[in-house]
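Examining the three-dimensional arrangement
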Amino acid sequence: MKHISLFKYGLTVLFLLCATLTFAQNATFKGKVVDENNQPLPGAVVRVKGTEIATATDVNGAFEIKSAQQAIVVSITFVGYDVTEKTMVANQSLTVQMAQNSKSLSEVVVVGYGTSRKSDITGSVSNIGAKDLNPGPITNPLQQLAGKAAGVNISQVGSEPGVSPSVRIRGITSLQGGNDPLVVVDGIQGNLDLLNQVPPSEIASVDILKDASATAIYGSRGAPGVILVTTKKGIAGKTSVEITENTSIDVIAKKLKFLDAAGWSAQAAAQGVDASANHGSNTDWYNILTKNGITQNHTLAFGGGANDFNYRASVTAIDQTGIVINSGYKKYIGRIIATQKALDNRLTLTMNLNSGINKTTYSPTGVGNVAFNSNLISQAYVARPTDPVLNADGTFYRDPNVFQYTNPYAVATTIKNDNNINNLFGSLNANLDIYKGLSAGWFGSWRKVDENSGYYAPVSSTIQSAIDFKGVANVNNKHTDEKLMDINLSYKHDFGLHHIDATAVYEWQAQTYNGNFAQAKGFINDIATYNALQLGDISRATVGDISSYKNERRLVSFLGRFNYSYNNKYLLTASFRRDGSTVFGVNNKWANFPSASLAWRIDQEDFMKNQSIFSSLKLRGGYGVTGNQQGITPYNSIPLVGQAGSVYFGGAIIPNYAATQNSNPNLKWETVKQTNLGLDFSLFNDRLYGSVDAYSSNTDNLLFNYTVPLVGPFLTGNILANVGSLKRQGLEFALSYAVIRNSKMTLTLAGNGSIMKNKVTSLGGNIQGYDIPTNYVSWGANAYLIQGKPIGTYLILQHDGKNANNAETVVDQNKDGKFDTSVQSADRIEEGQSLPKYNYAFTPSFSYKNFDLSMVWRGSGGNKIYNAIRQKFSLLENLGKSNLLQSAVPLGIASTEYGSDLWLENGSYLRWENLSFGYKINVKAKYISAFRVSLTGQNLALITGYSGLDPELDASGGSSSGVDNGIYPRTRTFSVGLNVVLK
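Residues numbered from 1 in each chain as written. Predicted model: local features only at pLDDT ≥ 70, side-chain atom pairs only at ≥ 80, totals over all residues. Heavy atoms only, no water.

**Comments concerning the overall build of the protein**
Filter applied, for reference: Strands here are runs of E lasting at least two residues and helices are runs of H or I lasting at least four, both read from the DSSP assignment and numbered beginning at the N terminus. Only protein chains enter the accessibility calculation, which uses a 1.4 Å probe; a residue whose area is less than 20% of its type maximum is buried, one above 50% is exposed, and one in between is partly exposed. We call two residues contacting when some pair of their heavy atoms lies within 4.5 Å. In this description, accessible areas are obtained by the Shrake-Rupley approach with a 1.4 Å probe, and a residue is regarded as covered only by the protein chains that are shown. In summary, the charge assignment counts Lys and Arg as positive and Asp and Glu as negative, without counting His or the chain termini. A single reference atom marks each charge: NZ on Lys, CZ on Arg, CG on Asp, CD on Glu.
Secondary structure summary: the protein contains 11 helices and 53 strands in total. By residue count, 50% of the 983 residues in the protein fall in the buried class. For the protein, contacts bridging at least 24 residues in sequence account for 70% of all contacts bridging at least 6. In the structure as shown, the protein presents an accessible area of about 43,700 Å², 57% of it carried by carbon and sulfur atoms. Distance between charge centres in the protein, computed from 84 positive and 73 negative side chains, equals 8 Å.

What follows is the structure, given as structure tokens:
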């Protein structure tokens, strides 16, 4: 009996144990993993903490785990998101929302012909993610980058629709070879206008290569820097539909203070202006020529895919109405990018297709009195406030007693000044994984740009030339065809503590440009405008009314890059590129562009393991040589003959021909040699991070159009040659500090700055056996290129007051009793430079739960501006034929023979560029996963001592640099934005 009882007891225990095990095996844990927009995250890894149990989420982000426990802790990981841990209870479903890891998002950096981990970068590269881009009514991606990268100066001169900002990376590298950086969009290379084809809301990241060790991989096109744009791609297993809307109102930020009708009449009487100049009207010309503008930006994007295929497509429409009447800009972009994998995911094919249309109506320029030849707004300053807009018969008023009098309202309402650009580009990228780290690739792109513009000035425009010719019309057509192809081979391998990554590329580029221009005069009516030139009077045709052109250029390149790291501490990057271009002289078709850079990850050393201050610390150093061929058009190196006026021969006028270009078989690459030393760091668990870079750069074989004597090989008076040199030095820094960083609230203070010095080290030299002693070259109003001095140094006469006739007087510096106004006059003194010495930006941001706020402050200084507008409208002698600034009255200068420092002003400024509020609304709707609204203000405040409309002028260099001849007004913008993500 005892054995039987024991047996029964054992059965009972076994039964209870089996029941317990059965219950435990049936414990199920279900959940779903979503992103910040509540979209499913397929492929997220869910692991039971402390065990080997793990699974991955399906296409809907769902997962299921069975465990012997009633409660478990799971760790969830997904690329680009913070690791999340959650406690789960059996048979209770859980939804886990992942948080983006900002550090991981910027971990991969595009470096040209490939990518690299940010920690492995050895050159000077700025990375800006999508969330860091400036928000608001953006019409060009450059506006999104303003203030975001040290050493990158982005200037917006006025707010005319269709006019893109200018950008300079580490200042000016060339006098004539071009200073615009190379732009690469998803591998497609082009100039700055390529950015007009990128929808602002479709940018995933922007990487800016600044030093020569980083840009040398682009060889002949990398000297001014490189901007690499990566657009958003579809995600396999994640379908998305996104709607982005933004509408803004643009108002004029500042107006110059001119005399009104009463003030003008009083001053005219006081100055003895003939009463016939006062027509008794009260016209605010500026007011009738301007209005509030509206900018609209609409984008619909959608994408998705499966494990071996993904796509993203978008349609963008931008409509901008200018603040000057009859000016505006419309842009339409359609794009699709798709990736297909094959051969067991060893072959990756990516297709990119983009089509765009840009339609611009520009405000007329080059109109009016030759003394005030500028834009339409400047003509509003010229017009007297007592002049009427219309005559009694309804025609536009025009004063026959004023030379080349122009009615600005007539110009604005009658002239047609249209420009249409059709862009189409596509690319195909194929990459094949061959064997264990060895891969081969092929990339091809084709870009076509068709631009046509039309201009018509009728007699009613009141422009003198239109009246003389009984109407003027012209059309201008330009066509660009650019093809690029490269074949590449790369190899990556780890052996022990060593890692190598090598890339070899063969690249071929072909560019063809052609166009035509036609002009007609003498129209009996204005019905057809510029659309029927044949209606003009053929007898009025002159030389230059018809022209056409076609030119081609080819570039062949061989390049290689080698990356090596030891123990993830010591990093080496070396590259070599050999370029051959058809645009250079027969003796210099080819050039070599090497670079090398080193980095030491100090934080990986053993002596850093026991410290808690530095999260990362990396020292970088590099040297590289890059080239520049922007300023050279095809056939610049060969002798050319063209039309040179006309002669009377055989009883008829026939065109004359003469040499128009000298031969230069030695024309070669302008080269930039740059050394860079940098330090990247992060402290206190990544709360404080930043970088500091110091660089020194020399531009040799400077491209410049020199004046030469008509002797020996020179058949005409100028030649494009390589003679001079420039030197640049600079210091850059970028800092960011997370003051508050927790799950509910963040406050980050960030900023960057740069200090720049440049010097013209030589200008003159020997060209084909002849010494060209060029020491002074004009760079703007009273600004010059002078050997040993900064670019755009002002040599100017010093204001000394006025004489008994209220004429301006200047200081006789050499006391010889004469006032010499020549270029190298001893009466001129040095007074600063036209280019800024420093730039800076402050970009704080704040978030609390669903609310976020960001702002951008930026500025520059150390430069001066020659205020030509103030000079022109401050002379009392002009009162009878134009309006004057209110400040002209107390100044009391009647006339001047000089361009003195009276008109030279400090160009320093601080601008409140951007303020944006955003709020993400939690929507529990069936088809909406994310809903965000935002309010943005742009150009909210300007702190400056400059008296003109805006101190931010043309930064491109050349004859306009540092001179204010009148700009299209700068606007202050207030916008509302909406972003909706559909399920």
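Next comes the rest of the description.
**Quick word on the sheet that holds strand β42 (residues 793-796)**
To be explicit about the condition: At least two bridges found by DSSP between two strands are what make those strands a pair. Angles here are taken between N-to-C directions and fall from 0 to 180 degrees, while the axes themselves are lines fitted to C-alpha atoms, restricted in helices to the stretch in contact.
Read from one edge of the open sheet, 4 strands run β40-β41-β42-β45, paired in antiparallel fashion. Only two strands of the sheet have a single neighbouring strand rather than two, namely β40 (776-780) and β45 (829-833). Sheet twist, expressed as the average angle between the axes of neighbouring strands with direction ignored, equals 45 degrees. Pairing analysis gives 4 bridges linking β40 to strand β41 (residues 783-786), with the strands arranged antiparallel. Considered in β41, the bridge of G780 is made with A783.

**As for the packing of aromatic side chains**
Under the convention used in this document: Pairs were defined over the aromatic rings of Phe, Tyr and Trp, the Trp ring being its six-membered one, requiring ring centres within 6.5 Å. Orientation was assigned from the angle between planes: stacked under 30 degrees, edge-to-face over 60, tilted for the rest. Charge-over-ring contacts are defined here by two conditions on Lys NZ or Arg CZ: a distance within 6 Å of the ring centre and an angle within 35 degrees of the ring normal.
In this structure the tally under the stated criterion is 21 aromatic pairs. Taken together, the ring pairs in this structure connect F258, Y286, Y381 and F873 into an aromatic cluster. We note K521 situated over the ring of F469; from NZ or CZ to the ring centre the distance is 4.6 Å.

**As for the pairing of strand β11 (residues 152-155)**
Burial along β11 is two-sided: the residues V152 and I154 and N153 and S155 are all buried. Pairing of β11 with strand β12 (residues 166-169), which is carried by 4 bridges, proceeds in the antiparallel orientation. From the neighbouring strand, I154 faces β12, where its bridge partner is V167.

**A short note on unusual backbone geometry**
In this structure, N345 takes a positive phi of about 65 degrees despite not being glycine. Summarising the element assignment, N345 is placed in the loop between β20 (328-342) and β21 (347-361). Its identity as a non-glycine residue notwithstanding, F684 has a phi of 55 degrees, on the positive side. With respect to the helices and strands, the residue F684 is situated in the loop between β34 (670-683) and β35 (688-707). Since its relative accessible area comes to 41%, F684 is described here as partly exposed.

**Some remarks on helix α5 (residues 261-270)**
As a reminder of what qualifies: Relevant arc is that of directions from the helix axis to the C-beta atoms, nothing else.
Those residues of α5 that sit buried are A261, G263, W264, Q267 and A268. The buried residues of α5 occupy an angular sector of 160 degrees when the element is viewed end-on, so they sit on one face. Exposed residues lying more than 90 degrees from the buried face of α5 are A262, A269 and A270. Check the buried side of α5 and you find it contacts α11 (888-891). Backbone geometry just after α5 places G272 at a positive phi near 75 degrees.

**A short note on the sheet that holds strand β2 (residues 45-48)**
The strand order across the open sheet built from 4 strands is β3-β2-β5-β6, with neighbouring strands paired in antiparallel fashion. Both edges of this open sheet fall to β3 (54-56) and β6 (84-89), since each of them pairs with a single strand only. Sheet twist, expressed as the mean angle between neighbouring strand axes with direction ignored, is 25 degrees. In the sheet, β2 pairs with strand β5 (residues 71-77) via 4 bridges, with the strands oriented antiparallel. By the bridge assignment for β5, V48 is matched with V74.

**Considering the pairing of strand β24 (residues 416-435)**
Pairing analysis gives 15 bridges linking β21 to β24, with the strands arranged antiparallel. Within β24, the position partnered with T360 by the bridge is N419. By the bridge criterion, 19 bridges tie β24 to strand β25 (residues 438-457) in an arrangement that is antiparallel. Bridging from a neighbouring strand, N422 pairs with D450 of β25. Between β24 and the antiparallel strand that follows it, β25, lie 2 residues; K436 among them carries a positive phi value of about 45 degrees.

**With respect to the confidence of the model for the protein**
Cut-off, in case you're wondering: Residue-level confidence of the predictor is summarised by pLDDT, bounded by 0 at the bottom and 100 at the top.
Looking at the protein as a whole, the pLDDT averages 88, with 95% of positions reaching at least 70. Within the model, the stretch residues 1-24 combines pLDDT values under 50 with 3 contacts to residues more than four positions away or in other chains. Scored below 50 in pLDDT, residues 102-106 makes 6 contacts in the model with residues more than four places away or belonging to other chains.

**Some words on the side chain of N140**
Rules: Within 3.5 Å is the distance limit for a polar contact, defined as a pair of N or O atoms, with the added protein rule that one can donate a hydrogen and the other accept it, and that residues adjacent in sequence qualify only through two side-chain atoms.
Within the fold, N140 resides in the loop between β10 (125-129) and α3 (141-145). Residue classification places N140 among the buried positions, given a relative accessible area of 3%. In this structure the side chain of N140 is engaged in a polar contact, spanning 2.9 Å, whose partner is the backbone nitrogen of L142. Those residues in contact with N140 that sit more than four places away from it in its chain are S164, P165, L195 and N196.

**Comments concerning the nonpolar core**
As a reminder of what qualifies: In plain words, nonpolar cores are sets of buried Ala, Val, Leu, Ile, Met, Phe, Trp, Tyr and Cys residues tied together by side-chain atoms within 4.5 Å.
Membership of the largest hydrophobic core comes to 36 residues, with the highest contact counts inside it found for L256, Y381, I415, I463 and F873. Counting residues per element, the ones that place at least two in this core are α6 (285-289), α7 (376-382), α8 (408-414) and β25. Counting residues per element, this core draws most heavily on α7, at 5 residues. Among residues more than four places away in sequence, those in contact with Y381 are L256, F258, Y286, I869, F873, N883 and L949. In terms of nonpolar packing, the next biggest core, distinct from the first, is built from 31 residues, L702, Y794, I893 and W903 among them.

**Quick look at the environment of G631**
Along the polypeptide, G631 turns up in the loop between β31 (614-628) and β32 (640-649). The class for G631 is partly exposed, based on a relative accessible area of 23%. In this structure the C-alpha to C-alpha distance between G631 and E670, which are 39 residues apart in sequence, comes to 9.6 Å. For G631, the residues in contact, after removing those within four places along its chain, are Q176, G177, G178, N636 and L720.

**Things to note about the pattern of salt bridges**
As a reminder, the rule being used: Salt bridges are defined by distance alone: a side-chain nitrogen of Lys or Arg within 4 Å of a carboxyl oxygen of Asp or Glu.
Considering all chains together, one arrives at 38 salt bridges under this definition. Note that R911 is salt-bridged to E913, the shortest N-O span being 3.8 Å. Both residues of the pair, R911 and E913, count as buried. The network of salt bridges with common partners includes R858, R911, E913, D950, E952 and R970.

**Notes on the side chain of T716**
Tracing the backbone through its elements, the reader meets T716 in the loop between β35 and β36 (718-741). In this structure T716 comes out as buried when scored by relative accessible area, which is 15%. T716 has contacts with A659, T660, Q661, N662, V708 and L710, leaving out every residue within four places of it along the chain.

**Observations concerning the environment of P137**
Relative to the assigned elements, P137 resides in the loop between β10 and α3. C-alpha separation for the pair P137 and N297, spaced 160 residues apart in sequence, amounts to 6.7 Å. The residues contacting P137, other than those within four sequence positions of it, are Q143, N246, S248, T295, Q938, T973 and S975.

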